[in-house]
Amino acid sequence: MAILVDKNSKIMVQGITGRAGSFHTKRMIEYGTNIVGGTTPGKGGQVVEGRPVFDTVIECVEKTGADISAIFLPAAFVKEAAIAAIRAGLKTVVVIPEHIPIHDMLLVRKEAMAHGCTVIGGNTAGIITPGEANLGIMPDIAFTPGRVGTVSRSGSITYYIANTLTDSGFGETTCVGLGGDPILGSTFDEILAKFEADEKTKAVVLTGEIGGVYEERACEQISNMSTPVIAMIGGIFAPPGKRMGHAGAIVEGKMGTAKEKLDALAGAGAHPAKTFLEIPKILKKLGV
Amino acid sequence: MRLYEFEGKELFNKFKIPIPNGRLASSPSEVEKIATEWNKPLVLKSQVLTGGRGKAGGVKVVENPYDARTTAEELFELKIKGYPVEKLLVEPKLKIQKELYVGVTIDRVNYKVVVIASSEGGVDIEEVATNSPEKIYRKSYDIDEEFFRFDAVEVAKQIGLQSQHVKDAALIIMGLVRLFKAYDAKMVEINPLVLTAADALIAADSRISLDDDALFRHPELAEMGIEKRHEEGEMTPREQQANEWGIPYLDLNGNIGMFPGGAGFGIMGNDFIEYYGGKPANFMDSGGGPSPERLAKMLVLLDDNPNVKAIFGARFGGISRCDDFATGVIMFLKEHGLSKPMVTRMTGNVWQEGVRLFEEAKKENPELFEHFEFHGIETPIEEIAKRAVELASEQEGGK
């Protein structure tokens, strides 16, 4: 078991004929990821890395049975691409590019909710279930199959955490990059709920950072979980980050600083870690 | 991206939100000229990209042209939170009956757009929200949902407006909602929305923040002279240099130069240094897949900084490659030279290749590597952070 993606997932790539799309399609296939095809409007009928290219997501789904999509397109095209994928009935859509306009992501999120689809990103390094599927741009060197799940805003932090879990023998079930954009398709609590339902995942490492509101949203979920959660927040010593301004601050209340986030998560029952090396120590103590 | 008050008001005008009849001035003599022409009490408002200018003395009422000139001279000398005052917005002084607040922003927790209004305007709205939350009214809607006139009327009623004022305020709120959508705003705010002694509602101030990532679909803004800008106050010379090179960089007050990879570990790496008793001299983000040239420039920023006593480097090759990383560092060593100790670790995508490049270059030019220690996947990143702290304190101790 794993969450979101495994060896049986049928993955399609939106923007498969592009430079990033074709490059990463090759890498993903080399890892053993089950890539079934892709789309680029106007390039239907072509073949990339032995996989068929279609003009539309619907065609790709009909012909290949794709159930997950990875988007490798410029930010300006993400709204269209993501909504096309959501409406075609895909279960999961992973938005790799960064700087997606905020209003676009609000709409994508609404569509995803209405269709029961999980959108991950933008600005995510992707999702990897070690040994089964590597969906996105993560280097596979850090990962090995195991029993701890990870969820993080940042790609580089995901690599460091996985590296630590791999070296200490715990390994990973699935590692999810939520993404670094200000408005994300999925939030920590939603991914934690999936880990909680996964039998193989014995603990979860959550890594957040200063700014934004998503870490706080995780608290209620953590307090209801039987799977232990280890939390790390970057920016404890950072000078105050950018705020969205007065009106934004009203809505978001006092949320945002790293210290407040870590305190809130610990208050909800998460085990705080300061450095990567502390994580295996905590896992051992928890008997994971 | 934050707009100046006068730019925001231009946009208000496009959406039929009433604004004072103001004029922009860039010198005391221009201000004097306007004051002579208008011959009535005026407000001189410093145009800066920050809040709290009133408290900082950046807004002044003047009664006559002489007063206008001398006050303008003072204002043009002013720096507000590091922002020099380069333009003044000159407006007739309003006769105020009541000050209200109206804003539209994004509720990121619930993925909604939210209209916020209050009967208490002209003050820090965050304070109102904290001290008298009952005086804040919110109405949320989906980004693709129509915000109707009756919604706007409801907002106006909720902040205590009556009769004709309800109708006028509803039109202003509708305009604000349309502006928010049309220009991909993160926030639009009228604070205060003034009810004048003559019973007219008028936007006395504007605060607008647009989404940088959506500017590509608003070329008309550039035509209005509104272009992408740096939002921070005055930058240090190094921050300016980094900005020109397109490198996200902030000066901090420590002595360890941080060369950490992406933004995620950029933030976390600084924490590690602090945990081991050191102080970072900067925050830096290499961006995804930086070129060797960019990496070399990042190191130049650190090596040229006299506050930096040691450099901490880290690369976890994901989208980027460790051989590119090594090439960039070697380029820097050869072209610029390293004048202070540096410790770095590489792992991820083709890290062995990176180590090989370093070893080769070291064989050729051992003198370049005199201050440079490099590690691969075998050394935990925490050890590298500890070592950087050690190197920095050795340097400080040696002085």
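What you see is a predicted model; the values in this text were computed from it and never measured.

Q: Could you clarify how one ought to interpret the sheet that holds strand E18 (residues 372-375) of chain B in this entry?
A: Hydrogen bonding along the main chain pairs the strands of a sheet, whether they run parallel or antiparallel. Residue and element names in this part refer to chain B. Ordered in space as E14-E16-E17-E18, the four strands form an open sheet in which the pairing is parallel. The open sheet terminates on both sides in strands that have one partner only, identified here as strand E14 (256-259) and E18. Across the sheet, the axes of successive neighbouring strands diverge by a mean angle of 15 degrees, strand direction being ignored. Bridging between strand E16 (residues 310-317) and strand E17 (residues 342-348) involves seven bridges; their strand directions are parallel. Within E17, the position partnered with Phe312 by the bridge is Val343.

Q: Which parts of the structure should I look at to understand the interface of chain A and chain B?
A: Interface size, as often reported, equals the accessible area lost upon joining of the parts. With 49 residues of chain A in contact, the opposing surface of chain B contributes 47 residues. Going through the elements one at a time, helix H4 (102-115), helix H5 (155-167) and helix H8 (246-252) of chain A are the ones with two or more residues in the side of chain A that touches chain B. By residue number, the principal contributor to the side of chain A that touches chain B is H8 of chain A, which donates seven residues. For the side of chain A that touches chain B, the residue count by class is 29 nonpolar, 13 polar and seven charged.

Q: Explain the nonpolar core here, please?
A: Considering soluble globular proteins, one finds that nonpolar side chains tend to be buried as a cluster. Counting residues in each nonpolar core, the largest one holds 197 residues, and the members touching the most others are Ile71 and Ala82 of chain A together with Ile173, Leu176, Phe312 and Ala388 of chain B. If one sorts the elements of this core by residue count, helix H6 (residues 163-182) of chain B sits on top with nine residues. Once residues within four sequence positions are removed from consideration, Ile71 of chain A is found in contact with Gln14, Gly15, Val78, Ala81, Ala82, Val93, Val94, Val95, Ile96 and Pro97 of chain A. Val31, Leu44, Val48 and Ala72 of chain B belong to the second-largest nonpolar core, a separate cluster that totals 16 residues.

Q: Is there a simple way to think about the environment of Asn270 of chain B in this case?
A: Among the secondary structure elements, Asn270 of chain B is positioned in helix H9 (residues 263-275). Under the C-beta neighbour-count criterion, Asn270 of chain B is labelled buried, with 31 such atoms within 10 Å. The spacing of Asn270 of chain B and Asn307 of chain B is 37 residues in sequence and 16 Å in space, taken between C-alpha atoms. Among all residues touching Asn270 of chain B, those that are not within four sequence positions of it are Phe237 and Ala238 of chain A together with Met258, Pro280 and Phe283 of chain B.

Q: Honestly, the packing of helix H11 (residues 322-335) of chain B against helix H12 (residues 351-364) of chain B in this entry has me stumped. Any pointers?
A: Each pair of packed helices gets described by two things: the angle between the helix axes and the distance between those axes. Residues and elements named next belong to chain B. In contact at an axis separation of 7 Å, H11 and H12 are set at 25 degrees when each is read in the N-to-C sense. As far as their axial angle goes, H12 and H11 are roughly parallel. For the pair H11 and H12, the crossing hand works out as right-handed. The residues of H12 that touch H11, namely those facing Cys322, Asp323, Phe325, Ala326, Thr327 and Ile330, are Trp351, Glu353, Gly354, Leu357, Phe358 and Ala361. Its residues placed into classes, the contact of H11 with H12 shows eight nonpolar, two polar and two charged.

Q: How should I be thinking about the domain arrangement of chain A in this particular structure?
A: All names here are of chain A. Taken domain by domain, chain A consists of domain 1 (11-121) and domain 2 (126-285). For domain 1 and domain 2, the distance between their C-alpha centroids amounts to 25 Å. Each partner contributes to the interface: domain 1 provides 23 residues, whereas domain 2 provides 18 residues. Put simply, the parts of the chain that give the side of domain 1 that touches domain 2 at least two residues each are helix H1 (19-31), strand E5 (68-71), strand E6 (92-95), H4 and strand E7 (118-121). Of the residues forming the side of domain 1 that touches domain 2, the biggest block, six residues, is contributed by H4. When its residues are assigned to classes, the side of domain 1 that touches domain 2 shows 16 nonpolar, five polar and two charged.

Q: I would appreciate a short explanation of unusual backbone geometry in the present structure.
A: Note: most peptide bonds trans; most residues except glycine with negative phi. The amide bond that connects Gly121 of chain A to the next residue, Gly122 of chain A, takes the cis arrangement and shows omega of 5 degrees. Secondary-structure assignment places Gly122 of chain A in the loop between E7 and strand E8 (126-129). The omega torsion across Asn191 of chain B and Pro192 of chain B is 10 degrees, close enough to zero to call that bond cis. Within the element layout of this structure, Pro192 of chain B appears in strand E10 (residues 185-196). Of note, Asn123 of chain A is a non-glycine position whose phi angle comes to about 65 degrees, a positive value. Assignment of secondary structure puts Asn123 of chain A in the loop between E7 and E8. Using a count of 23 C-beta atoms within 10 Å as the deciding quantity, one classes Asn123 of chain A as buried. Even without being a glycine, Lys16 of chain B presents a positive backbone phi close to 60 degrees. Its location among the elements puts Lys16 of chain B in the loop between helix H1 (5-14) and strand E1 (23-25). A count of 11 C-beta atoms within 10 Å places Lys16 of chain B in the exposed class.

Q: So what exactly am I meant to see when it comes to the confidence of the model for chain B here?
A: Interpretation of the predicted coordinates at a detailed level should be avoided for regions scoring low in pLDDT. Chain-level pLDDT for chain B is 92 on average; 98% of the residues reach the 70-or-more range. Overall fold confidence (pTM) sits at 0.91, and the ipTM for the predicted complex is 0.89.

Q: Explain the sheet that holds E6 of chain A here, please?
A: All names here are of chain A. The strand order E3-E4-E2-E1-E5-E6-E7 describes an open sheet built from seven strands, whose pairing is mixed. Every other strand in the sheet has two partners, leaving strand E3 (47-48) and E7 as the edge strands with one partner each. Bridging between E5 and E6 involves four bridges; their strand directions are parallel. Bridge pairing in E6 links Ala70 to Val94. This element, H1, spans strand E1 (11-14), strand E2 (35-39), E3 and strand E4 (51-54) of the sheet and lies at about 175 degrees to E2. On top of the sheet, helix H3 (residues 78-87) reaches E1, E5, E6 and E7; it is set at about 165 degrees to E6, its chief contact.

Cut-offs and rules
Residues numbered from 1 in each chain as written. Chains lettered and ligands numbered in written order. Predicted model: local features only at pLDDT ≥ 70, side-chain atom pairs only at ≥ 80, totals over all residues. Pairing = 2+ DSSP bridges. Helix = DSSP H or I, 4+ residues; strand = E, 2+ residues; numbered from the N terminus. Axes fitted to C-alpha atoms, helices over the stretch in contact; angles between N-to-C directions. Contact = placed C-beta atoms within 7 Å. Nonpolar A, V, L, I, M, F, W, Y, C, P; charged D, E, K, R; others polar. Core = buried A, V, L, I, M, F, W, Y, C linked by C-beta atoms within 7 Å. Buried ≥ 20, exposed ≤ 12 C-beta atoms within 10 Å, placed from the backbone. Parallel < 35°, antiparallel > 145°, perpendicular 65-115°, else oblique. Left-handed = near helix turned anticlockwise from the far one by under 90°. Domains from an automatic or database assignment. pLDDT = per-residue confidence, 0-100.

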